[in-house]
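Next come the chains, spelled out residue by residue.
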Amino acid sequence: MSNQRTELEKLGEFGLIDHLTKDFVNKNNSTEFGIGDDAAVISISEEEAKLISTDMLIEGVHFNLMYMPLKHLGYKAVAVNLSDICAMNGTPEQITVSIAVSNRFPVEALEELYEGIKTACSIYNVDLIGGDTTSSLSGLSISITAIGSAKKKDITYRSGSKEGDLLVTTGDLGAAYMGLQILEREKAVYNENPNIQPDLDGHDYIIERQLKPEARIDILKYLKELDVKPSSMIDISDGLASEIMHLCKSSKVGCHVYDEKIPIDAKTSMTALEFNMDPSTCALNGGEDYELLFTVPQSEFEKIKGNPHMSIIGHMTNENDGIYFIDKGGSAIELKAQGWSHFE
Ligand code: ADP
Ligand code: MG
């Protein structure tokens, strides 16, 4: 240890992960793929692999119990982990759940949390197989590890996309972020005057998208039925822009994504306008949609076209061409890690 002090913000989340892990070399043949995708891939036979992914949720950072019911929190914590297994085109099968909890919480509160975890286990057909329980000085932390299975030939990495591939997103984007804005607004109103009832009317869809996201395990089934294997795939946890950057960086390609093609629900757009925000910005930078973003060769166009669950939003280009968001006026705006900056 030297006396040098580097601030975390200088590296950012992904820079920090790279920095801390760059000197680790995998020693075991069974480690088929380690750090750098939605889940690690552990070889168990010539043809089969296990997928493993971990996510941690911290009170005050990832959730606020003022508007997040514990039951929903339990459900969401499981769903977001399973989403990473889905992003590898694998079937989630088990989870472990670790909690750190302060004495602020009675047993009944944790029962609620586990009620949500149980519902998710039942809906997604996964087994709770272990975990850890410890005390915390303040607040609640939940760390979940999801384990899944896949045939090696079916696994979709972030790195498989080729120039010319079509970029496809499932569902619609930006809703979870706008749901959060509504919940935050009503929390502020409540803090000002606890006698005022929260006004959540007409915002059910976006609030549900925030409080109860789903892992798109159904999409894997649809893709199989269409006989389409994505060339690359990632789940949208941090916003479309960030995930496109991950696919491009891993696959060494560029991208053109078209504003007019991005699926945004009318309720998301209306709420964004209410907040004086651009709906596309919510989709690009909002996050927590937990939809799947994938690429397919152009030859699959006919199979994907018009599918109600999937929208073709762009195509991959040469790495040297860069990563661009084409706005409704046709101007190309370069996408940057943190959102976007105007292209001069
Ligand atoms: P996701 O958003 O899909 O959950 P992350 O962005 O959290 O993925 O992580 C990217 C990659 O870095 C993953 O392979 C993850 O396992 C790995 N990773 C994240 N944090 C650490 C850490 N502290 N030490 C080692 N690997 C990490
Ligand atoms: Mg992910």
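Right above here is the structure, for reference.
So, here's what we can say about the structure. The structure displayed is predicted, hence computed values, not measured ones. (Residues numbered from 1 in each chain as written. Chains lettered and ligands numbered in written order. Predicted model: local features only at pLDDT ≥ 70, side-chain atom pairs only at ≥ 80, totals over all residues. Heavy atoms only, no water.)

**Quick word on the side chain of serine 231**
Line of reasoning, step 1. On the secondary structure map, serine 231 appears in the loop between helix 6 (217-226) and strand 8 (232-235).
Line of reasoning, step 2. Engagement of the side chain of serine 231 in a polar contact is seen with the side chain of threonine 295, the distance being 2.6 Å.
Line of reasoning, step 3. Residues in contact with serine 231, not counting those within four places in the same chain, are Tyr157, Gly160, Ser161, Asp165, Thr295 and Val296. (Helix = DSSP H or I, 4+ residues; strand = E, 2+ residues; numbered from the N terminus. Polar contact = N/O pair within 3.5 Å; in protein donor to acceptor, adjacent residues only side chain to side chain. Contact = heavy atoms within 4.5 Å.)

**Re the state of the cysteines**
Line of reasoning, step 1. Overall, the coordinates contain zero disulfides when judged by the stated rule.
Line of reasoning, step 2. Take cysteine 121: it sits in no disulfide, and the sulfur closest to it among the cysteines is that of cysteine 86, at 14 Å.
Line of reasoning, step 3. Here cysteine 121 falls in the buried class, since its relative accessible area comes to 12%. (Disulfide = S-S within 2.5 Å. Buried < 20%, exposed > 50% of the residue type's maximum accessible area, 1.4 Å probe, protein only.)

**So, a negative patch on the surface**
Line of reasoning, step 1. A contiguous patch of negative charge on the surface is contributed by Glu108, Glu111, Glu112 and Glu115.
Line of reasoning, step 2. When you line up the elements, glutamate 115 lands in helix 3 (residues 107-123).
Line of reasoning, step 3. Here glutamate 115 falls in the partly exposed class, since its relative accessible area comes to 36%. (Patch = residues over 30% accessible without salt bridge, like charges linked within 9 Å, V, L, I, M, F, W, Y side chains within 5 Å. Areas by Shrake-Rupley, 256 points an atom, 1.4 Å probe, with all protein chains shown as cover. Salt bridge = Lys/Arg side-chain N within 4 Å of Asp/Glu carboxyl O. Lys, Arg positive; Asp, Glu negative; His and termini not counted. Charge placed at Lys NZ, Arg CZ, Asp CG, Glu CD.)

**A short note on the coordination of the magnesium ion (ligand 2)**
Line of reasoning, step 1. The coordination sphere of the magnesium ion (ligand 2) contains the protein donors Asp38 (OD), Asp84 (OD) and Asp235 (OD), at a distance range of 2.0 to 2.1 Å.
Line of reasoning, step 2. If you list the donors of the magnesium ion (ligand 2) from N- to C-terminus, the spacing comes out as D-x45-D-x150-D. With aspartate 38 in the loop between strand 1 (31-33) and strand 2 (40-43) and aspartate 84 in helix 2 (residues 70-86), this pair connects stretches of sequence that are 46 residues apart. Neither residue differs from the other here; aspartate 38 and aspartate 84 are each classed as buried. (Donors = N, O, S within 2.8 Å, 3.2 Å for Na, K, Ca; no water.)

**As for the sheet that holds strand 6 (residues 140-151)**
Strands belonging to one sheet form pairs held by backbone hydrogen bonds; the direction of such a pair is parallel or antiparallel.
Line of reasoning, step 1. Taken together, six strands build an open sheet; the order of strands is 1-2-3-6-4-5 and the sheet is mixed. Edge positions in the sheet fall to strand 1 and strand 5 (127-135), since each of these pairs with one other strand and no more. Averaged over all pairs of adjacent strands, the angle between strand axes in this sheet comes to 25°, irrespective of strand direction.
Line of reasoning, step 2. Across eight bridges, strand 4 (residues 91-101) lies against strand 5 in parallel orientation. Its bridge partner lying in strand 5, valine 101 is registered against serine 135. (Pairing = 2+ DSSP bridges. Axes fitted to C-alpha atoms, helices over the stretch in contact; angles between N-to-C directions.)

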